[in-house]
Amino acid sequence: MSTSRGAWWLAGLLAGFAGLAASYCVALVITVHDDPVSAVAELVIRLTPGALVERAIQLFGRHDKTVLVGVVLVLLVVLLAWAGPLARRAWWLAMLVYAVLALVGAVAVGSQRGSSAADALALVVGFFTWIACLALLTAPLRAADEAGEAGEPTMGAHTRRTFLIRAGLVAAVGVTAGVVGRAVGVGRRQVEEARRLLRLPGVTMPRVPQGANVDVPDMPPWMTPADDFYRIDTAVYVPAVRPQDWRLRIHGLVDREIVLDYQDLVGRRVTEAWATICCVSNDVGGSLIGNAWWSGVRIATLLAEAGVQAGADAVLQTSDDGWTCGTPLGALTDDRNAMLAIAMNGKPLPVDHGFPVRTVVPGLYGYVSACKWVVDLKVTRFADISAYWTERGWSEQGPVKISSRMDVPREGGEIAAAGARVAGVAWAQHTGIERVEVNVDGGEWQAAELARVPNDDTWVQWVATLDLEPGDHLLRVRATDKSGLVQTGEVHGAVPDGATGWHTIHVTAT
Ligand SMILES: Nc1nc2c(c(=O)[nH]1)N[C@H]1C(S)=C(S)[C@@H](COP(=O)(O)O)O[C@H]1N2
Ligand SMILES: [Mo]
């Protein structure tokens, strides 16, 4: 390397490599989805006309995807290397290349099924790694340029040494990030593979009960598909637990400690039930709630086998990732279907939702009950424990509060003045919904019609037909549970034990 022209290209190439490796590593560490490069390749596949895809498959056989990822990578490498000499001319030109690449990556990642804001983090990290590495590598070159003669200056020994040390550093960072990403990715892929191959006897496909869905356009389905199910957890990266490595220990205030492996668990009698679970952080009208068909093993049976001792009132659950929650013993031993779930909507639990085993307890918020990747149940006393969210100011007890939501129309929407159909959901898990009422502009509450539900542990869809004066209106909804409790209109935020108030929306009748 006698002239610095090659060095500028090398700077672009190395910075590009480090940025790609960093984004790949972050993508694999934080999610089970693809890294940005594969996401772009998949987007290309989706956007390519079918006939062309057919041609490619004929040409490359089952390696078509590898070839495509290869092509995308080569294009990337060229563009990234080019950022080096571009930066020599003007820094913003290199930034522009990075920005465009990151944008393409963002579109590709964002268009994937089940993508979340967390997926964008990989791109952000990659973007800033590019900038930082390019700045680091080009600084000595730029200094040499400025000190040198016009034309093609040669690099002095000092500049060359600085540049080479920095180049080595950036390459090392890239390689490390790549290796870490790959190691994590292999573990993750093994878990996904194990999950795909699982056959769970006793687990049946969901059959949505007749009449559970109201017939209103744009109404979300009564059964929430796993891909649309809200996801809440503190996991920076989702635990990758292979079924063969999973163990559950039941201990504490019990007569006999029990340790179960996955085969022991799935070999037991499988219980199946519909249940709606929700997050304590769900604001009035919010979407942190979903309804699924859960299959698993009753916790009450396991606790009876272990023999719960007198004086216990809680079970401290611990996840593979160290997260904990304290659940009232009563909710795990009474007649409700509190279970160690192995399947959701008839399929093995998705990794994001706690594969291979998670807890589901109807009637309690997730933060005190729905432990994902659960590995430990300790029978204990509330007085003797604290758990992840209770240490952070949330209540020890978290029974779900009765609530209701309007889904159609949306806030700010338009509806027909005559015979408009408004619809939504209401829930009071394990007590059941008795009545839902709708209110226009603070007038009389009028009863909505309830759809059918199989039990009191699920949400209920409701629909009401309204006749409105043309113009702007305020619609409210409230529910009453089967114990006679009317949902309060008093507005309260989610901390410390769940939000209250009536979901209220503005609509225009035309
Ligand atoms: N291991 C673990 N389990 C967890 C959590 C968590 O952060 N870590 N969050 C809980 C909370 S607050 C909720 S609301 C539910 C959400 O379950 P979901 O992501 O399957 O919808 O999981 C619960 N189980
Ligand atoms: Mo939650």
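Residues numbered from 1 in each chain as written. Chains lettered and ligands numbered in written order. Predicted model: local features only at pLDDT ≥ 70, side-chain atom pairs only at ≥ 80, totals over all residues. Heavy atoms only, no water.

A.B. asks: Would you mind going over the UniProt feature "transmembrane region" (unreviewed entry) in the protein chain with me for this structure?
C.D. replies: When the UniProt feature table is mapped onto this chain, "transmembrane region" (unreviewed entry) is found at residues 66–84, 90–109, 121–143 and 163–185. Between the C-alpha atoms that bound residues 90–109 there is a distance of 29 Å. The span itself is 95% helix and 0% strand. For residues 121–143, helix accounts for 100% and strand for 0%, while the C-alpha atoms at its two ends are 33 Å apart. (UniProt positions renumbered as here; feature names shortened; annotations may be inferred. Helix = DSSP H or I, 4+ residues; strand = E, 2+ residues; numbered from the N terminus.)

A.B. asks: Looking at this model, I keep getting lost on the packing of aromatic side chains. Mind explaining?
C.D. replies: For any pair of aromatic rings, geometry is given as the distance between the ring centres together with the angle between the planes. Across all of its chains, the model carries 11 aromatic pairs by this definition. An angle of 85° between the planes, with centres 6.4 Å apart, marks the rings of Trp 246 and Tyr 262 as edge-to-face. Separated by 16 residues along the polypeptide, Trp 246 in the loop between helix H7 (157–197) and strand E1 (247–252) and Tyr 262 in helix H8 (residues 262–266) bring together distant segments of the chain. Given the relative accessible area of 3%, Tyr 262 is considered buried. Ring plane angle 50° and centroid distance 5.3 Å describe the contact between Trp 274 and Trp 293, whose orientation is recorded as tilted. Within this pair, whereas Trp 274 is found in strand E3 (residues 271–278), its partner Trp 293 is found in strand E4 (residues 289–298), the two being separated by 19 residues in sequence. (Phe/Tyr/Trp six-rings, centres within 6.5 Å; stacked < 30°, edge-to-face > 60°. Buried < 20%, exposed > 50% of the residue type's maximum accessible area, 1.4 Å probe, protein only.)

A.B. asks: Help me understand unusual backbone geometry in this model?
C.D. replies: Where the residue is not glycine, phi is negative for most of them; where a peptide bond is considered, it is trans in most cases. Here Phe 355 and Pro 356 are connected by a cis peptide whose omega angle stands at 5°. For Pro 356, the position within the fold is in the loop between strand E8 (347–348) and strand E9 (358–360). Look at the link from Val 408 to Pro 409: it is a cis peptide, with omega at 0°. On the secondary structure map, Pro 409 appears in the loop between strand E11 (403–408) and strand E12 (413–415). Its identity is not glycine, yet Trp 373 carries a phi of approximately 50°, on the positive side. The residue Trp 373 is located in the loop between E9 and strand E10 (374–380) in this model. Although it is not a glycine, His 430 adopts a positive phi angle of roughly 75°. By the secondary structure assignment, His 430 is in the loop between strand E13 (420–427) and strand E14 (433–440). Judged by its relative accessible area of 28%, His 430 falls in the partly exposed class.

A.B. asks: Can you help me understand the side chain of Asp 457 in this one?
C.D. replies: Residue position: Asp 457 is located in the loop between strand E16 (449–450) and strand E17 (460–466). Although Asp 457 is buried, it makes no salt bridge; Arg 336 carries the closest opposite charge, 6.5 Å away. One polar contact links Asp 457 to His 430, side chain to side chain, over a distance of 2.8 Å. (Lys, Arg positive; Asp, Glu negative; His and termini not counted. Salt bridge = Lys/Arg side-chain N within 4 Å of Asp/Glu carboxyl O. Polar contact = N/O pair within 3.5 Å; in protein donor to acceptor, adjacent residues only side chain to side chain.)

A.B. asks: Help me understand the pattern of salt bridges, please; the structure alone is not making it clear to me.
C.D. replies: In the structure shown here, the tally under the stated rule is 16 salt bridges. The shortest N-O distance in the salt bridge between Asp 245 and Arg 242 comes to 2.8 Å. When the shortest N-O distance is used, the salt bridge between Lys 482 and Asp 456 registers 2.7 Å. A residue pair is termed long-range when its members are at least 10 positions apart, and Lys 482 in the loop between strand E18 (471–481) and strand E19 (503–509) and Asp 456 in the loop between E16 and E17 qualify at 26 residues. According to the relative accessible area criterion, Asp 456 is partly exposed, its value standing at 27%. In the salt-bridge network here, residues are joined through shared partners; they are Arg 231, Asp 233, Asp 352 and Lys 372.

A.B. asks: What is the right way to read the sheet that holds E13 from this model?
C.D. replies: One key point about sheets: their strands pair by backbone hydrogen bonds, in either a parallel or an antiparallel sense. Taken in spatial order, the four strands of this open sheet run E11-E13-E17-E16, and their pairing is antiparallel. If you trace the sheet from one side to the other, it starts and ends with E11 and E16, each paired once. As paired elements, E16 and E17 share two bridges and run antiparallel to each other. Bridged to Glu 449 within E17 is Val 463. (Pairing = 2+ DSSP bridges.)

A.B. asks: Just to check I follow, could you spell out the state of the cysteines for this structure?
C.D. replies: What makes a disulfide is a covalent bond joining the sulfur atoms belonging to two cysteines. This model, assessed by the stated rule, comprises zero disulfides. As a non-bridged cysteine, Cys 278 has Cys 279 as the owner of its nearest cysteine sulfur, 7.9 Å distant. Note on Cys 278: relative accessible area 2%, which makes it buried. Here Cys 325 is not disulfide-linked; the sulfur of Cys 371 is the nearest cysteine sulfur, at 4.9 Å. (Disulfide = S-S within 2.5 Å.)

A.B. asks: Where do I start with the pairing of strand E2 (residues 258–261) in this structure?
C.D. replies: Successive side chains on a regular strand alternate, one facing one side of the sheet and the next facing the other. Residues Ile 258 and Leu 260 point to one face of E2 and are all buried, whereas Val 259 and Asp 261, pointing to the other face, are not buried. Two strands pair when backbone bridges link them, and E1 and E2 are joined in this way by four bridges, in the antiparallel orientation. Bridge pairing in E2 places Arg 247 opposite Asp 261. What sits between E1 and E2 in their antiparallel hairpin is a turn of five residues.

A.B. asks: I keep staring at the nonpolar core and nothing clicks. Help me out?
C.D. replies: One recurring pattern in soluble globular proteins: nonpolar side chains tend to sit buried together. Judged by nonpolar contacts, the single largest core of 79 residues is most densely connected at Leu 265 and Trp 294. Counting residues per element, this core draws most heavily on strand E7 (residues 339–344), which supplies six residues. Residues lining this core come from more than one domain, with at least three contributed by each of domain 2 (226–392) and domain 3 (403–509). Every residue in contact with Leu 265, bar those within four places of it in the chain, is listed here: Trp 246, Leu 260, Val 297, Leu 302, Leu 340, Ile 342 and Val 357. With 41 residues, the next largest nonpolar core counts Val 37, Ala 94, Ile 131 and Met 155 among its residues. (Core = buried A, V, L, I, M, F, W, Y, C linked by side-chain atoms within 4.5 Å. Domains from an automatic or database assignment. Contact = heavy atoms within 4.5 Å.)

A.B. asks: It is not clear to me how the sheet that holds E10 should be interpreted in this structure. Could you clarify?
C.D. replies: Ordered by their spatial adjacency, five strands build an open sheet running E2-E1-E10-E5-E6, and the pairing between neighbours is mixed. Lying at the two open borders of the sheet, with one neighbouring strand each, are E2 and strand E6 (324–328). Averaged over all pairs of adjacent strands, the angle between their axes in this sheet comes to 15°, without regard to strand direction. Of the strand pairs in this sheet, strand E5 (residues 314–319) and E6 are connected by five bridges, and their pairing is antiparallel. Opposite Gln 317, over in E6, you have Cys 325 as the bridge partner. Each of E1, E2, E5 and E10 touches helix H9 (residues 299–306); the most contacted strand, E2, lies at about 140° to it. (Axes fitted to C-alpha atoms, helices over the stretch in contact; angles between N-to-C directions.)

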